[in-house]
Amino acid sequence: MSWEVTGTSGFAAGIDALVAAAEEAARLGVVAGAHLIEANAKQSMNGPGPQVRTGTLRRSIGVVDTISLGRGIYQARVAPTVIYGRRMELGFHGTDSLNRHYNQRAYPFLKPGLDKAIPQLESVFAAAWQRAMHI
């Protein structure tokens, strides 16, 4: 008795294409989610808080990097690039390196941006997977 299996190269190519599509779906979902958080963070700066003088902090908020942490696992970082962005988000209570004393309250913008995005992230990822898998 003998067996002959044919068409395995086509099957393997199909599996490889499916894995590549899943990888791309994961990456696109993370990137789209990060941009949603970025947009929400910028929008949250319109609420109560310090007056916008130049818009530099708002313009500095962006998707700083997107990296692969392994097959199908991605991480994106949304952050401001201006040096005072962290103090605005978290506030600052204490003495700085020039011996100036501060009791600056926080004016969060990233956390509200994330909080607003969380209910939408499932649909963002579903759309990315549908596009990648041609569903």
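Report on the accompanying structure. In this convention, every chain numbers its residues from 1, walking through the sequence in written order. Reporting of local features is limited, given that this is a predicted model, to residues whose pLDDT is at least 70; pairs of side-chain atoms are given and counted only at 80 or more, and all residues count toward the totals for whole chains, interfaces and linings. Note that the side-chain values use all heavy atoms of the structure and ignore hydrogens as well as water.

**Here we look at the nonpolar core**
Then, in step 1: Buried residues of nine kinds, namely Ala, Val, Leu, Ile, Met, Phe, Trp, Tyr and Cys, make up a nonpolar core once their side-chain atoms join them within 4.5 Å. Here's how the labels work: a residue is buried when its accessible area is under 20% of the maximum for its type, exposed when over 50%, partly exposed in between, all with a 1.4 Å probe on protein chains only. If you look at the biggest cluster of nonpolar residues, it comprises 15 residues, and the most contacted ones within it are Leu36, Met45, Leu57, Ile61, Val78, Phe109 and Leu110.
Then, in step 2: When sequence neighbours within four positions are dropped, the list of residues in contact with Ile61 reads Glu38, Ala41, Lys42, Met45, Val78, Ala79, Pro80, Phe109 and Leu110. By definition, residues are in contact when any of their heavy atoms lie within 4.5 Å.

**Brief notes about a nonpolar patch on the surface**
Then, in step 1: Taken together, the side chains of Phe11, Ile15, Leu18 and Val19 define a hydrophobic patch exposed on the protein surface, amounting to about 370 Å² of accessible area.
Then, in step 2: To qualify as a helix, a DSSP run of H or I must reach at least 4 residues; to qualify as a strand, a run of E must reach at least 2; elements of each kind are numbered from the N terminus. Residue position: Phe11 is located in helix α1 (residues 8-44).
Then, in step 3: According to the relative accessible area criterion, Phe11 is exposed, its value standing at 59%. Patch membership requires over 30% relative accessible area and the absence of a salt bridge. Like charges are linked within 9 Å, and nonpolar side chains (Val, Leu, Ile, Met, Phe, Trp, Tyr) within 5 Å. Residue exposure ignores everything except the shown protein chains as possible cover, and the areas themselves are Shrake-Rupley values with a 1.4 Å probe. The salt bridge criterion pairs a side-chain nitrogen of Lys or Arg with a carboxyl oxygen of Asp or Glu, the two atoms within 4 Å.

**Section: helix α4 (residues 110-133)**
Since the α-helix packs 3.6 residues into each turn, any two residues three or four apart lie on the same face.
Then, in step 1: By the largest-angle criterion, Pro119 marks the main kink of α4, which is about 55°.
Then, in step 2: Taken together, the buried positions of α4 are Leu110, Gly113, Ala117, Leu121, Val124, Ala128 and Ala132.
Then, in step 3: Close packing links the buried residues of α4 with α1, β2 (73-79) and α3 (85-90).
Then, in step 4: Positive backbone phi, approximately 55°, marks His134, located one or two places after α4. Fitting one axis to the seven residues ending at a residue and another to the seven starting there, the bend at that residue is the angle between the two axes.

**What to know about the pattern of salt bridges**
Where charged atoms of side chains with opposite charge meet at close range, the side chains can pair.
Then, in step 1: For the structure on display, the rule yields five salt bridges.
Then, in step 2: Among the ionic pairs, Glu24 bridges to Arg27, the shortest N-O distance being 2.8 Å. Highlighted residues: Glu24 and Arg27, both in helix α1, separated by three residues, approximately one helical turn.
Then, in step 3: Its relative accessible area of 29% is what places Arg27 among the partly exposed residues.
Then, in step 4: For Arg100, the salt bridge is made with Asp96, and the minimal N-O distance between the two is 2.7 Å.

**Focus on the environment of Gly29**
Then, in step 1: Tracing the backbone through its elements, the reader meets Gly29 in helix α1.
Then, in step 2: Residues Gly29 and Ser123 lie 94 residues apart in sequence; the distance between their C-alpha atoms is 9.5 Å.
Then, in step 3: When sequence neighbours within four positions are dropped, the list of residues in contact with Gly29 reads Val124, Phe125 and Ala128.

**Quick look at the packing of α1 against α4**
Then, in step 1: Convention adopted: a line fitted to C-alpha atoms gives each axis, helices being fitted over their contacting stretch, and angles between N-to-C directions are expressed from 0 to 180 degrees. Direction vectors running N to C along α1 and α4 enclose 150°, while the axes themselves pass 7 Å from each other. Taken together, the axes of α1 and α4 lie roughly antiparallel to each other. Note that α1 runs across α4; the crossing there is right-handed.
Then, in step 2: Throughout this entry, Asp, Glu, Lys and Arg are counted as charged residues, while Ala, Val, Leu, Ile, Met, Phe, Trp, Tyr, Cys and Pro are counted as nonpolar. The remaining residues, Gly among them, count as polar. Counted by class, the contact of α1 with α4 contains 22 nonpolar, seven polar and one charged residues. Roughly parallel means an angle under 35 degrees; roughly antiparallel, over 145; roughly perpendicular, 65 to 115; everything else is oblique. Here a crossing is called left-handed whenever its near helix is offset anticlockwise from the far helix by less than a right angle, and right-handed whenever the offset is clockwise.

**Section: the side chain of Glu89**
Then, in step 1: Within the element layout of this structure, Glu89 appears in helix α3.
Then, in step 2: Lys111 provides the closest opposite charge to the buried, unpaired Glu89, separated from it by 7.9 Å.
Then, in step 3: Here a polar contact is recorded for every N or O atom pair within 3.5 Å, except that within protein the pair must consist of a potential hydrogen donor and a potential acceptor, and residues adjacent in sequence are included only if both atoms are side-chain atoms. Within the structure, Glu89 has its side chain in polar contact with the backbone nitrogen of Phe109 (distance 2.7 Å).
Then, in step 4: Apart from residues no more than four positions distant in its own chain, Glu89 is found in contact with Ala106, Tyr107, Pro108, Phe109, Leu110 and Lys111. Only four residue types enter the charge count, namely Lys and Arg as positive and Asp and Glu as negative; His and the chain termini do not.

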